[in-house]
Number of protein chains: 2
Amino acid sequence: MIYAHFISHISTKNPECNTVSQTEFSHEQLLDRLGEVAVRIGLNLVPQQQLLITASLDAAPLVRRITEHAYRAGASLVTTFFNDDETTLARYQYASPESFDVANEWLADGIARAYREGAARLAITGGNPTLLKGQNPDYIQRSSKASSKANRPAMEIITQFATNWTIVAAANAIWAQQVFPDLSEEDALKALWQGIFTSSRVDTQDPIATWKNHNKQLHARSSQLNEQRFDALAFKGPGTDITIGLADGHLWAGGAEETKSGIICNPNIPTEEVFTTPHCTRVDGVISSTKPLFHQGSLIDGIQVHFKEGKIIEAHASQGQNVLERILDTDEGSRRIGEVALVPHSSPISQSGILYRNTLFDENASSHIALGQSYTKCLSDTDGQNEDQLLRRGANQSMIHIDWMVGSGQIDVDGIKNGQSYPLMRQGEWV
Amino acid sequence: MIYAHFISHISTKNPECNTVSQTEFSHEQLLDRLGEVAVRIGLNLVPQQQLLITASLDAAPLVRRITEHAYRAGASLVTTFFNDDETTLARYQYASPESFDVANEWLADGIARAYREGAARLAITGGNPTLLKGQNPDYIQRSSKASSKANRPAMEIITQFATNWTIVAAANAIWAQQVFPDLSEEDALKALWQGIFTSSRVDTQDPIATWKNHNKQLHARSSQLNEQRFDALAFKGPGTDITIGLADGHLWAGGAEETKSGIICNPNIPTEEVFTTPHCTRVDGVISSTKPLFHQGSLIDGIQVHFKEGKIIEAHASQGQNVLERILDTDEGSRRIGEVALVPHSSPISQSGILYRNTLFDENASSHIALGQSYTKCLSDTDGQNEDQLLRRGANQSMIHIDWMVGSGQIDVDGIKNGQSYPLMRQGEWV
């Protein structure tokens, strides 16, 4: 699951552009349905809630559809923060070096307060995935660190599901051209929108009912895993032989989540994964990436890392080694993992053959792990426990949370309990 | 002077569209120069200051020019809040009635904190002047009241010049069509931009030097008035015979202002006025509007009001009487005035013949008064004085500040000192 809408994955390979099936709905109708699914399924907005939206300027048409559905659902006030790629770039081009250690804490704290007072949060992912390519990596890292630090109180509320939130996507021409480099600008944009609509299940006859059914299936899978109470998972495949211990009292989740105040929301649209919190000191072995990782405009490919007692002690990448090392050096928790997720190789996004270069989609095409922050939501009985207590149970803490694809049609996964192995996945599919 | 970028004036008459002189600069060059003047003259941004911008979505090209100049001037971080007319309307169309008493206090407080911590503020005025026409007036008033209340701490910092701030304008098609209804959409937009560029003095050879000279002239005028220490001003003309007492220790201002921390900024671009704080209990007589007043999508025309001891005791309007009464009933201070400003009838904006339907421009085409909040900046020795002490000196307090044109080529203004009259303006021109 992702909780920030940073785009963290990319492939340099040309994606196989599967023909996308045409639906009977117009673009305007599908956009409106995506807005409705975002509000009613993604957020499940409650009357008199405020809503905060973050979006790129070019996502304004979707923002308008979401805003209408939010007010229809009883929102008291919708506030949208638009970001603009050009002004983001202007900072890298013209600002003084000291600028990059500064974040707008006054805004981050205001937003955290809004969440504490009950506001819901909706992020629209999109924008240019390679916006910061070629910019000073030191500036990128410092600005990202300052921003993560400022936004930590707000992010904690999000990761703890103290309020309802969701992430949806809006296509734009630059992103579309990177996903479909062989199509014309117009066709690429159409194909990306169609991919978003289809994987977000809004081109079905009744998207709300479709989502309720999809949630049921994901819940059945996570309930099953919760009953099995595995101590660890073992991943085996080309370049991968690793045991990933699970946190004490870990809980598997997938699909709809319940907030602390009892609102059932769907934090990621689309979603295909079931996931839980690994134990941050009980990961041992070697694991290899199965898709390239894209981080803040830089490509990291051919990653292979060695874990010892939960910590990455050796990391190699055939491309982007220095960026990978930078990520690992972010803070105390950035060399350990905070999430492990299982996605069958036959998931609709995986089968579409489209590499979206965007975590919201690509993490739902492959089993994955995430470096950094864990979800306390994936632990039982956390009420009143402080960070130290959670850490002792295995829940990693970090300013980063970077998903990283490790699944494919060649990976076997076993559940391990009391030293005994139970087959979970064979060649990427549920047993 | 205005400190909010609400558009408060409109005319139903077709403006005389004077031919606008062509300059040697391209639109892109003029836009860049407006950005530079906004940052270097309007804000006089100081290295390591943060900058907050508010703008309509269609002002993004100007936001980008301003952002670049801000970073070049040493800004640490520029944060832009874009507003979108369509989502503003969606609230009026779909939200529940209770929604309209809600404001985003978490954001207003965050912004006030940013100003207290030294951030500068830049508002870009524009948008659709008649956006809320036809919407429920009760909803408009309640939402405006909730927003004013939430933003009061931030607005106090602005009116007290505790930080540097400015307002500039960006044209858009809807506004342009209302100003130039006889031109094609394209020509109207061009003409409005040209009007903005010319009145903002950016189509001169050296806009920065031009502004420094303009500030000198406005300072000379306000210094003269400060030396004269009038007790009151008397306005006489068709439908107008009024004495406007000036606050104890009033100060005339105009052009560049100095913030509490010593930054010299130009809060309004353009500006042609000199202005001061009237005494809120010493206004007696009758005064008539010389241009229509437009407030939140409603037109108020043919206004004539009677003041007794500073308070409006009778108010008539040939059009929009009920809206006028609503304004006057906002709070304790909305029946009293907080600003009096002198602008010669020969000012460039007045002589252009363009009615901009936007206070930033129209208030610089005519002498005016403002209902509501006063500027403590226009009082001497205010340090350590509380609201009650300022009120006793005559400085009005209110949630509103609505400028209202009362000057024309037929108005005479006298300064009054110790019962004696001194001619200041005859037939709208400085004596």
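Note that this is a predicted model, so its numbers are computed, not measured. (Residues numbered from 1 in each chain as written. Chains lettered and ligands numbered in written order. Predicted model: local features only at pLDDT ≥ 70, side-chain atom pairs only at ≥ 80, totals over all residues. Heavy atoms only, no water.)

A.B. asks: Just checking my understanding: could you explain the pairing of strand β2 (residues 77-83) of chain B for this structure?
C.D. replies: Successive side chains on a regular strand alternate, one facing one side of the sheet and the next facing the other. Residue and element names in this part refer to chain B. Burial analysis of β2 places six of its seven residues in the buried class, the great majority of the element. Where strand β1 (residues 50-56) and β2 come together, seven bridges link them in parallel fashion. Bridging from a neighbouring strand, Leu 51 pairs with Val 78 of β2. Remark: the β1/helix α2 (residues 60-72)/β2 crossover connection has right-handed handedness. (Buried < 20%, exposed > 50% of the residue type's maximum accessible area, 1.4 Å probe, protein only. Helix = DSSP H or I, 4+ residues; strand = E, 2+ residues; numbered from the N terminus. Pairing = 2+ DSSP bridges. Right-handed = clockwise from strand over helix to strand, strands pointing away.)

A.B. asks: Can you help me understand the relation of the copies chain A and chain B in this one?
C.D. replies: Between chain A and chain B, the superposition needs a rotation of 180° and an axial shift of 0.0 Å, giving an RMSD of 0.0 Å. Both copies of the chain, as the preceding transformation shows, are related through a two-fold rotation axis. It is Gly110(A) whose C-alpha, among those of chain A, lies nearest the rotation axis, at 2.6 Å. When the interface residues of chain A are mapped onto chain B, 100% of them again fall at the interface, so both copies present the same face. (Least-squares fit on C-alpha atoms with pLDDT ≥ 70 in both. Contact = heavy atoms within 4.5 Å.)

A.B. asks: Help me understand the packing of helix α1 (residues 27-43) of chain A against helix α2 (residues 60-72) of chain A, please; the structure alone is not making it clear to me.
C.D. replies: When two helices pack together, you describe them by how their axes are tilted relative to each other and by the distance separating the axes. All names here are of chain A. Viewed as axis vectors pointing N to C, α1 and α2 meet at an angle of 50°, and their least axial separation amounts to 8 Å. Taken together, the axes of α1 and α2 lie oblique to each other. Taken as a pair, α1 and α2 cross one another with a handedness that is right-handed. Note on element contacts: α2 touches α1 through Pro 61, Leu 62, Arg 65, Ile 66, His 69 and Ala 70, opposite Leu 31, Asp 32, Leu 34, Gly 35, Glu 36, Ala 38 and Val 39. Taken together, the residues that form the contact of α1 with α2 break down as eight nonpolar, two polar and three charged. (Axes fitted to C-alpha atoms, helices over the stretch in contact; angles between N-to-C directions. Parallel < 35°, antiparallel > 145°, perpendicular 65-115°, else oblique. Left-handed = near helix turned anticlockwise from the far one by under 90°. Nonpolar A, V, L, I, M, F, W, Y, C, P; charged D, E, K, R; others polar.)

A.B. asks: Would you take a moment to explain the domain arrangement of chain A for this structure?
C.D. replies: Interfaces are often described in size by the accessible area the parts lose on coming together. Residue and element names in this part refer to chain A. When its domains are assigned, chain A resolves into domain 1 (27-200) and domain 2 (216-254 + 271-430). Put simply, the middle of domain 1 and the middle of domain 2, counted by C-alpha atoms, are 24 Å apart. Both sides of the domain 1 and domain 2 interface together cover about 2,200 Å² of buried area, and 59% of this is carbon and sulfur. When the buried area of domain 1 at its contact with domain 2 is split by residue, Gln 141, Arg 152 and Thr 159 rank highest and sum to 21% of it. Taking the shortest distance from any N to any O, the salt bridge between Arg 152 and Glu 387 comes out at 3.9 Å. At the level of elements, α5 (137-159), β4 (165-169), α6 (173-179) and α7 (185-199) are the ones that each hand at least two residues to the side of domain 1 that touches domain 2. Among the elements that take part in the side of domain 1 that touches domain 2, α5 stands out by supplying 11 residues, more than any other. Here the side of domain 1 that touches domain 2 is built from residues that sort into 13 nonpolar, 11 polar and six charged. (Domains from an automatic or database assignment. Buried area = accessible area lost by both parts, 1.4 Å probe. Salt bridge = Lys/Arg side-chain N within 4 Å of Asp/Glu carboxyl O.)

A.B. asks: Sorry if this is basic, but what is going on with the interface of chain A and chain B here?
C.D. replies: Listed per partner, the contact involves 39 residues of chain A and 39 residues of chain B. Taking both partners together, chain A and chain B bury about 3,400 Å²; carbon and sulfur atoms supply 60% of that area. In terms of surface lost to chain B, no three residues of chain A exceed Arg64(A), Tyr94(A) and Trp106(A), which account for 23% of the buried area on that side. Scanning the region where chain A abuts chain B turns up eight salt bridges. Residue Glu86(A) pairs with Arg64(B) through a salt bridge whose shortest N-O separation is 3.4 Å. Linking chain A with chain B are 18 residue pairs in polar contact (both at pLDDT 80 or more). When contributions to the side of chain A that touches chain B are tallied by element, the ones reaching two or more residues are β1 (50-56), α2, β2 (77-83), α3 (85-94) and α4 (105-116) of chain A. When residues in the side of chain A that touches chain B are grouped by element, the largest group, eight residues, is from α4(A). (Polar contact = N/O pair within 3.5 Å; in protein donor to acceptor, adjacent residues only side chain to side chain.)

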